[in-house]
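The lines below spell out each chain.
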Amino acid sequence: MKKVILTGLRPTGNLHLGHYFGACQNYLKMQTEGYDFYLEIADVQALTDNFNNPEKVRKNVYEITKDLLSIGLDPDKVHIFIQSQIKEIAELTVFYSNLVTISRLQRNPTVKTELTQKKDLFGNKGESITYGFLGYPVSQAADITVFDGELVPVGDDQLPLLEQCREIVRKFNSIYGDTLKEPQQVLSNTTRVKGLDGNEKMGKSLGNAIYLIDDEATITKKIMSALTDKNKIKKDDPANPEVCMVYYYHKLVNSQENITKVCSECQKGSRGCVQCKKELIAAMNDFLHPFKEKRKYYDENPDLVKTILTTGTASAQIKATKQIKKIKQAMKIDY
Ligand code: TRP
Ligand code: SF4
């Protein structure tokens, strides 16, 4: 039996370089390694903090799917599916809600961090936090286990959610008998990509991201305003590339030969920042070119994208139907 990989993405925006280098490269590698790979477009989870904006979530289901296909995910190797269409996830969430305490959810570090970021939505002290938002880790445990997921490729920010899932699994197995597998995180050797402003994280809410779909004018504008070595004032001042975001992105998208050249010329003071940025813009455009070509193709063929999602969802359905049957038997609700 092939091992099951399950991971998810919230459809709240397009993919940026942080997603690409931090997660997607890992997906591209794993899709060639013979797993039974499920990739969930987590629209129900996106609604927990965007319930007042359903249009945004719906639009981004298609946006993110097109992005994923355009970076090279192969729908013959990965089942890309829509969370809301698998009713067993909602069903299992209800069953699991008995196995987790409210105080445990309130102590979940990921939930806590997100709550402080969403003061506008849930009120200053979180007093208007919804049942659905507090419970989304329970739903995420259902996401994983309804597919019998063993391996979960996620970033470290998701570890508390995975731990919560493992606790639910242990509790379930201890009450209803050995039924579920404890999922493991797949550690990737990929990098967390810093933002244009030098922030440790590239993120939509931080406003420091380069999106894969950004057009050339947008990329030019963003790179022109990227953080460089503040101590370099004149064009021929020697500088330190290690503190410069322009050099940092050269290292992500340029050739080894050019990277070495940028580094030594910067240190010697024989390179101006404007020229250096222009070269990065050209390298970035080259890097994104194959993505953009494919992306155009999917934009022109929306029916194909819908078919891919329908097919992926049908495969996910088969797996979920089998697993929920097993779970209901264990819980003695298999009437
Ligand atoms: N919580 C994840 C995120 O915000 C998305 C997600 C939903 C997920 N369901 C999942 C990740 C299941 C791993 C497994 O990025
Ligand atoms: Fe950064 Fe290039 Fe300027 Fe050096 S020359 S500080 S690497 S932009």
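(A) A look at empty space enclosed by the protein. For the structure on display, the rule yields one cavity of 30 Å³ or more. Its volume calculated, the largest cavity comes out at about 120 Å³. What lines the largest cavity is a set of 16 residues, and nearest its centre among them are Lys232, Cys244, Cys266, Cys273 and Cys276. Among the elements of the structure, helix H12 (245-253), helix H13 (256-268) and helix H14 (273-300) are those that each provide at least two residues to the lining of the largest cavity. At three residues, the largest contribution of residues to the lining of the largest cavity is made by H14. For the lining of the largest cavity, a count of residues per class yields nine nonpolar, three polar and four charged.

(B) Here's a closer look at the packing of aromatic side chains. If you walk through the whole model with that rule in mind, you get twelve aromatic pairs. Note on phenylalanine 21 and phenylalanine 287: the rings are 5.7 Å apart at their centroids and 15 degrees apart in plane angle, and the pair reads as stacked. Residue phenylalanine 21 is found in helix H1 (residues 17-30), and its partner phenylalanine 287 is found in helix H14; the two are separated by 266 residues along the sequence. A residue is classified by how much of its surface remains accessible, and phenylalanine 287, at 26% relative accessible area, is partly exposed. Through pairs of rings, three or more aromatic residues link up here, namely Tyr20, Phe21 and Phe287.

(C) Focus on the pattern of salt bridges. Summed over all chains, the structure comprises 23 salt bridges. Salt-bridge contacts for glutamate 163 lead to arginine 166; the nearest nitrogen and oxygen are separated by 2.9 Å. Residue glutamate 163 and its partner arginine 166 are located together in helix H10 (residues 159-176), separated by three residues, close to a single helical turn. A relative accessible area of 28% means that glutamate 163 is categorised as partly exposed. Using a relative accessible area of 14% as the deciding quantity, one classes arginine 166 as buried. For lysine 251, the salt bridge identified is with glutamate 242, shortest N-O distance 3.6 Å. The exposure class assigned to lysine 251 is partly exposed, which follows from its relative accessible area of 38%.

How each quantity is defined
- In every chain, residue numbers begin from 1 and rise along the written sequence.
- Think of it this way: whatever chain is written first is A, whatever ligand is written first is 1, and the rest follow in order.
- For this predicted model, a pLDDT threshold of at least 70 governs which residues receive local features, and a threshold of 80 or more governs which side-chain atom pairs are given and counted, while totals over whole chains, interfaces and linings are taken from all residues.
- Hydrogens are left out, water is left out, and the side-chain values use all remaining heavy atoms of the structure.
- Here a cavity means grid points, on a 1 Å grid over the protein atoms only, where a 1.4 Å probe fits yet cannot get out; a pocket means an open set of points with protein on both sides within 12 Å along at least five of seven lines; lining residues are those with an atom within 4 Å of a point.
- Grid points are joined across faces, edges and corners, and a volume is the space filled by probe spheres set on the points.
- Per the convention used, a helix needs a DSSP run of H or I reaching at least four residues, while a strand needs a run of E reaching at least two, with both numbered from the N terminus.
- Three categories are distinguished: nonpolar for Ala, Val, Leu, Ile, Met, Phe, Trp, Tyr, Cys and Pro, charged for Asp, Glu, Lys and Arg, and polar for the others, with Gly belonging to the last.
- Only Phe, Tyr and Trp rings take part, Trp by its six-membered ring, and two of them pair if their centres are within 6.5 Å. Stacked means planes under 30 degrees apart, edge-to-face means over 60, and tilted covers everything else.
- Exposure is judged per residue with a 1.4 Å probe applied to protein chains only, and the accessible area is read against the type maximum: over 50% gives exposed, under 20% gives buried, and values in between give partly exposed.
- Here, a salt bridge means any side-chain nitrogen of Lys or Arg that lies within 4 Å of a carboxyl oxygen of Asp or Glu.

Such coordinate-based values are descriptive only and should not be taken to indicate function.
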